[in-house]
Amino acid sequence: MSYRQIVDKVNSVGVIDWDRRLFDELIPLPGGTSYNSYLITGSKASALIDTVEKDFADDLLRNLEELGVDSLDYVIANHAEQDHSGSLPEVLRAFPETEIITSVKGKNMLTDLLNIKSKRISTVEEGREISLGDKTLKFLETPWVHWPETMVTYLEEDEVLFSCDFFGSHLATSDLFVRDEAEVYRAAKRYYAQIMMPFRRIISKNLDKIKEIQPAIIAPSHGPVYQDPEFILEAYEEWVNGPVKPEVVVPYISMHGSTEELVDYFVDRLIQNDIRVKPFNLREVELGQLAMALVDAAAVVIGSPTVLTGPHPQVSYAATLANALRPKTKFASIIGSCGWGGNLVDDILGSLNKLEVEVFDPVLSKGRGDEGNFAEVDRLVEDINKALADL
Ligand SMILES: Cc1cc2nc3c(=O)[nH]c(=O)nc-3n(C[C@H](O)[C@H](O)[C@H](O)COP(=O)(O)O)c2cc1C
Ligand SMILES: [Fe+2]
Ligand SMILES: [Fe+2]
């Protein structure tokens, strides 16, 4: 990878990570990712916006060398997470005169996380500007997208917003700018679901702030650059503030088929009632798909057998994740099976305690479901049908 021009004197100098399949040892990356870094060459000074994952530091430095960069005045650290800050130590070594510019919280985090000496870091607060001569950088605080210290940088003359993780997508692509909107929409939604959704309320405020600026270009630090920012701003508006959709997400698992039989019946009855449903068998599901489905579904119904008095561990994992992601979901219930007893329902509901959901009576069978259990599923379908009609 080499450098590529975004606008005059602004180049993309980051790297594409085609092979990466897991982020934070947690988040699946079916389409790889990129760590975008941008060099702004002003008439009087230059600034690098964010760096790249540590393993790729040499590629970043090579791109700068190819551009003929032999001095660097500033490195802007919009975010302290290592996929963007990891190469800061190498950049500081390569350019001993460089000063890091970050938020007040960012400074503490960079010294804690990377042991960077604090004398090399200057802080900026909301609205502060730095002149590079014919180009001016303005810094805006955008906390919790997705860490407490996150900020964005606006290049005023060219109206380019460097948003770091905000509006990013984990997508390895040769497209510098968005070309395939459908592909980027899905990747950005997946990114939002797994990384941004837990901070929906504060993101809504940050989104308003970005809309006010009306940037001409949004250049995030993962995935392609938006030449039509409306596309991603509207998508975020819908994901963050839009109404829930009349859809039911059904994460489930079954060891001996009892739960599965009830879940299958439930899914069929929803379909017959013309209700959109997305079942996810947790034996095989890629959890990013589940997270994406949770972005706008009105209801989630969890299916689990009882294992050692509680839910199946795969269900515990999915429920813990759903709880942590804090989707807009309004209704929840459980379809379960046990052999003799246990705390299946209470345990699952306990692990969904952060969701503000109305819970419909669960359906619980002993072993295979009997007529009464299937009638209970019919009742649950009715409950959901009514609730979705009233949305
Ligand atoms: C490893 C294992 C642990 C189990 N632990 C419990 C339990 O603690 N309490 C209970 O009531 N049933 C327990 N059961 C029985 C199952 O919950 C019961 O067979 C249930 O109907 C299985 O549902 P499924 O067919 O959807 O897998 C256990 C079964 C297995 C295989
Ligand atoms: Fe991050
Ligand atoms: Fe990131």
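Residues numbered from 1 in each chain as written. Chains lettered and ligands numbered in written order. Predicted model: local features only at pLDDT ≥ 70, side-chain atom pairs only at ≥ 80, totals over all residues. Heavy atoms only, no water.

Quick look at the packing of aromatic side chains
Scanning the entire structure with this criterion turns up 13 aromatic pairs. Ring geometry for Y192 against Y236: centres 5.4 Å apart, planes inclined by 75°, an arrangement best described as edge-to-face. Linking Y192 in helix α5 (residues 181-196) with Y236 in helix α7 (residues 229-241), this pair joins segments that are 44 residues apart in sequence. Accessibility expressed as a relative area gives 0% for Y192, which makes it buried. (Phe/Tyr/Trp six-rings, centres within 6.5 Å; stacked < 30°, edge-to-face > 60°. Helix = DSSP H or I, 4+ residues; strand = E, 2+ residues; numbered from the N terminus. Buried < 20%, exposed > 50% of the residue type's maximum accessible area, 1.4 Å probe, protein only.)

Some remarks on the coordination of the iron ion (ligand 2)
Tetrahedral coordination by four donors puts the ideal angle at the metal at 109.5 degrees, and octahedral coordination by six puts it at 90 or 180 degrees. With distances of 1.9 to 2.2 Å, the protein atoms coordinating the iron ion (ligand 2) are H79 (NE2), E81 (OE), H146 (NE2) and D165 (OD). The coordination sphere of the iron ion (ligand 2) comprises four donor atoms, whose angles at the metal cover 88 to 169°; the geometry is irregular. In primary-sequence terms, the residues that donate to the iron ion (ligand 2) follow H-x1-E-x64-H-x18-D. Distance-wise, the iron ion (ligand 3) is placed 3.5 Å from the iron ion (ligand 2), both being coordinated by D165. (Donors = N, O, S within 2.8 Å, 3.2 Å for Na, K, Ca; no water. Tetrahedral: all angles 85-135°; square planar, octahedral: opposite > 155°, others 65-115°.)

Digging into the sheet that holds strand β8 (residues 46-49)
On the basis of which strands lie adjacent, the open sheet formed by seven strands has the order β1-β2-β7-β8-β9-β10-β11 and mixed pairing. Of all the strands in the sheet, just β1 (4-7) and β11 (121-123) have a single pairing partner and so form its edges. Shown here is a sheet whose adjacent strand axes are inclined to one another by a mean of 25°, direction ignored. Sheet topology note: the strand β10 (residues 99-102)/β11 ladder contains three bridges and is parallel. Considered in β11, the bridge of I100 is made with I121. (Pairing = 2+ DSSP bridges. Axes fitted to C-alpha atoms, helices over the stretch in contact; angles between N-to-C directions.)

Comments concerning unusual backbone geometry
Here V145 and H146 are connected by a cis peptide whose omega angle stands at 10°. With respect to the helices and strands, the residue H146 is situated in the loop between β13 (136-141) and β14 (151-155). Located in the positive-phi region is E25, a residue other than glycine, with phi close to 50°. Following the sequence through the fold, E25 ends up in the loop between β4 (22-23) and β5 (27-28). Relative accessible area serves as the criterion here: at 70%, E25 is assigned to the exposed category. One non-glycine residue, W144, lies in the positive phi region at around 65°.

Let's talk about the environment of G350
Within the secondary structure, G350 is located in helix α11 (residues 344-350). Assessed through its relative accessible area of 41%, G350 is described here as partly exposed. On a C-alpha basis, the gap between G350 and N323 in space is 9.8 Å, while along the polypeptide they are 27 residues apart.

Quick word on the sheet that holds strand β12 (residues 129-131)
What the five strands build is an open sheet, ordered β12-β13-β14-β15-β16; its pairing is mixed. On the outer flanks of this sheet lie β12 and β16 (217-220), each paired with one strand and no other. In this sheet, adjacent strand axes meet at a mean angle of 20° when their direction is disregarded. Bridging between β13 and β14 involves five bridges; their strand directions are antiparallel. Along β14, the bridge assignment pairs K138 with Y154. The strands that helix α6 (residues 200-213) touches are β13, β14, β15 (160-164) and β16; relative to β13, the one it contacts most, it runs at about 155°. (Contact = heavy atoms within 4.5 Å.)

Notes on the domain arrangement of the protein chain
Reports often express the size of an interface as the amount of accessible area lost when the parts come together. Once the domains are mapped, the protein chain shows domain 1 (4-241) and domain 2 (245-386). Listed as interface residues are 17 residues of domain 1 and, on the opposing side, 16 residues of domain 2. When domain 1 packs against domain 2, close to 1,400 Å² is buried across both sides, 56% of that on carbon and sulfur atoms. For the domain 1 face of the interface with domain 2, the top three residues by lost area are K189, R190 and M197, together amounting to 34%. Where E356 meets R201, a salt bridge forms, and the shortest distance between an N and an O atom there is 3.7 Å. Of all the secondary structure elements, the ones that give two or more residues to the side of domain 1 that touches domain 2 are α5, α6 and α7. Residue contributions to the side of domain 1 that touches domain 2 peak at six residues, all from α5. Of the residues that constitute the side of domain 1 that touches domain 2, the class distribution is nine nonpolar, two polar and six charged. (Domains from an automatic or database assignment. Buried area = accessible area lost by both parts, 1.4 Å probe. Salt bridge = Lys/Arg side-chain N within 4 Å of Asp/Glu carboxyl O. Nonpolar A, V, L, I, M, F, W, Y, C, P; charged D, E, K, R; others polar.)

Brief notes about the pairing of strand β18 (residues 276-281)
Two faces, one strand: in a regular strand the side chains alternate between the faces of the sheet. Taken together, the six bridges between strand β17 (residues 245-252) and β18 define a ladder with parallel strand orientation. Paired with V249 across the strands is K278, a residue of β18. A crossover links β17 with its parallel partner β18, the connecting element being helix α8 (residues 258-272), and its sense is right-handed. (Right-handed = clockwise from strand over helix to strand, strands pointing away.)

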